[in-house]
Amino acid sequence: MNNIRLLLVEDDANLSYIISSSLQELIGGYDIITASNGAEGLEAWNQHHPDVIIADIDMPVMNGFQMVEKIRETDGDTLIFFTSALTSPEDVSHGYRLGVNNYLKKPFVPEELDASIKALLKLKRGERAYNETQQMHIGSYTFDARTNTLQAADGSEEHLTETEGKILRLLIENQGEIVSRDALMYRIWGNTDYYVSRSLDVFVRKLRVHLAADPKIELATVRGQGLKLEVK
């Protein structure tokens, strides 16, 4: 079994060292990536694609709430834990609304964190067992995210480029919701500059052509907000 790739976002350097060293040396089975604030955590998430994110809430530059909100714009899959002394009912409710999977109140022992992580990963694997082909449906099309293959109702297939496939998968996962351009660009290319923005426009036009055989599918540009994929 491969090690669990864990991103630890914690501004307390001593606590970060204690947690990471305990999981690596005492418990084992973890590859740890560390960040000291939400902005660094966002960059590390995009670069390393961790299995689990463990984050404090009250951090400089970008707090845990803001980081999770950004991540959940395009990633509803990665397990996210908050570890914080801020556990008022309002804080807990806000975190769950943003898409956090669990809370651990500080102080906690590494064994408690390890048990919680492995329990949720086990549950997650069970939920995914029926969908190992990564097939996704949109209108009359079936998209296989593993092979970037788009199959029409008549059985004909088109093979998308890797970038086209990544964009389509994110849009299908957020079907009916507006996905911001910045979120898409950051997730696919890692930045949001002018040239990346123009590249996104090109790929969106190509996707509209790929999906054109089903008139009920609309890939709309919502002015000033982002893109929205839906079936009318």
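Summary of the structure given here. Only a predicted model underlies this, so the values are computations on that prediction, with no experimental measurement involved.

Take the sheet that holds strand 8 (residues 149-151) next. Read from one edge of the open sheet, four strands run 6-7-8-9, paired in antiparallel fashion. Looking at strand neighbours, the two that pair on one side only are strand 6 (135-138) and strand 9 (157-159), the edges of this open sheet. Strand-to-strand, the axes of this sheet are offset by a mean angle of 20°, without reference to chain direction. Bridge count between strand 8 and strand 9: three bridges; the pairing is antiparallel.

For leucine 207, the position within the fold is in helix 8 (residues 194-210). Leucine 207 gets classed as buried once you look at its relative accessible area, which sits at 1%. Residues leucine 207 and glutamate 164, spaced 43 residues apart in sequence, show a C-alpha to C-alpha distance of 7.0 Å. Leave out the neighbours within four places in its chain, and leucine 207 touches Leu160, Glu164, Ile167, Leu168 and Leu219.

This brings us to the environment of histidine 210. On the secondary structure map, histidine 210 appears in helix 8. Histidine 210 sits in the buried class, given a relative accessible area of 15%. Separated by 32 residues in the primary sequence, histidine 210 and isoleucine 178 place their C-alpha atoms 20 Å from one another. With residues up to four places along the chain from it excluded, the contact list for histidine 210 reads Tyr141, Leu150, Glu158, Leu160 and Glu164. At 3.5 Å, the side chain of histidine 210 forms a polar contact with the side chain of glutamate 164.

Criteria and thresholds
- Residues numbered from 1 in each chain as written.
- Predicted model: local features only at pLDDT ≥ 70, side-chain atom pairs only at ≥ 80, totals over all residues.
- Heavy atoms only, no water.
- Pairing = 2+ DSSP bridges.
- Helix = DSSP H or I, 4+ residues; strand = E, 2+ residues; numbered from the N terminus.
- Axes fitted to C-alpha atoms, helices over the stretch in contact; angles between N-to-C directions.
- Buried < 20%, exposed > 50% of the residue type's maximum accessible area, 1.4 Å probe, protein only.
- Contact = heavy atoms within 4.5 Å.
- Polar contact = N/O pair within 3.5 Å; in protein donor to acceptor, adjacent residues only side chain to side chain.

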